[in-house]
Amino acid sequence: VQLQASGGGLVQVGGSLRLSCAVFGSEVRINYMGWYRQAPEKQRELVARIGRGGITTYVDSAKGRFTISRDSAEDTVYLQMNSLKPEDTAVYYCNADGRRFVAPFNLWGQGTLVTVSS
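Here we summarise the structure given alongside this text. (Residues numbered from 1 in each chain as written. Predicted model: local features only at pLDDT ≥ 70, side-chain atom pairs only at ≥ 80, totals over all residues. Heavy atoms only, no water.)

Brief notes about the overall build of the protein chain
Line of reasoning, step 1. A tally of helices and strands in the protein chain yields 0 helices and 11 strands.
Line of reasoning, step 2. Reading the protein chain from its N end, one meets helices and strands in the order β-β-β-β-β-β-β-β-β-β-β.
Line of reasoning, step 3. Relative to the compact-globule value of 13 Å for 118 residues, the protein chain shows a C-alpha radius of gyration of 14 Å, a close match.
Line of reasoning, step 4. Along the first, second and third principal axes, the C-alpha set of the protein chain runs to 45 × 25 × 20 Å.
Line of reasoning, step 5. Residue burial in the protein chain is summarised as follows: out of 118 residues, 39% are buried.
Line of reasoning, step 6. Residue pairs in contact within the protein chain that sit at least 24 positions apart in sequence constitute 53% of those at least 6 positions apart. (Helix = DSSP H or I, 4+ residues; strand = E, 2+ residues; numbered from the N terminus. Rg over C-alpha atoms; globule rule 2.2 N^0.38 Å. Buried < 20%, exposed > 50% of the residue type's maximum accessible area, 1.4 Å probe, protein only. Contact = heavy atoms within 4.5 Å.)

Structure follows, in structure tokens:
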């Protein structure tokens with residue numbers, strides 16, 4: 001099972017970006033997928049997560065600006081980020097928790113850098 005993340009880049013304050021993360025593997029059942037971020041000299045923090053049934057969780061700073069969604073058929077999760085602020089600058093990591101057959105997994109994708117310039 002592998003994760004492939006994409007969509008980071010440089011954007012001006014107030015702009016938008018959409019991150020994508022796809023799970024590749026057969027016989028995979030996903031419990032939840034989410035996005036974390038880590039800014040320089042800060043701890044990694046959960047940004048948003050979506051579980052079965054579409055239940056979502058957001059960090060307070062993302063509420064009202066970010067939207068996480070999931071295409072279950074493709075095992076892909078998206079993070080739409082609007083009204084971006086300089087403090088959103090960080091490396092964003094995709095995370096997936098699930099199982100393949102009966103073997104559980106919790107995987108991280110490669111980070112994708114988001115830079116918000118003022």
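So, the pattern of salt bridges
Pairing between side chains of opposite charge can happen when the charged atoms of each approach one another.
Line of reasoning, step 1. Within the structure shown, the criterion is met by 5 salt bridges.
Line of reasoning, step 2. Across the pair Arg37 and Asp88 runs a salt bridge whose closest N-O atoms are separated by 3.0 Å. Of this pair, Arg37 sits in strand E4 (residues 28–38) while Asp88 is found in the loop between strand E8 (76–81) and strand E9 (90–100), placing the two residues 51 residues apart along the sequence. There is no split in this pair, since Arg37 and Asp88 are both buried.
Line of reasoning, step 3. The salt bridge partner of Arg65 is Asp88, with a shortest N-O separation of 2.7 Å. Pair noted here: Arg65 is in the loop between strand E6 (56–58) and strand E7 (66–71) and Asp88 is in the loop between E8 and E9, with a separation of 23 residues, a long-range link. Accessibility assignment for this pair places Arg65 and Asp88 in one class, buried.
Line of reasoning, step 4. Because the salt bridges share partners, they merge into one network encompassing Arg37, Glu45, Arg65 and Asp88. (Salt bridge = Lys/Arg side-chain N within 4 Å of Asp/Glu carboxyl O.)

Note that every value here comes from positions in space, so none of it alone points to a role or purpose.
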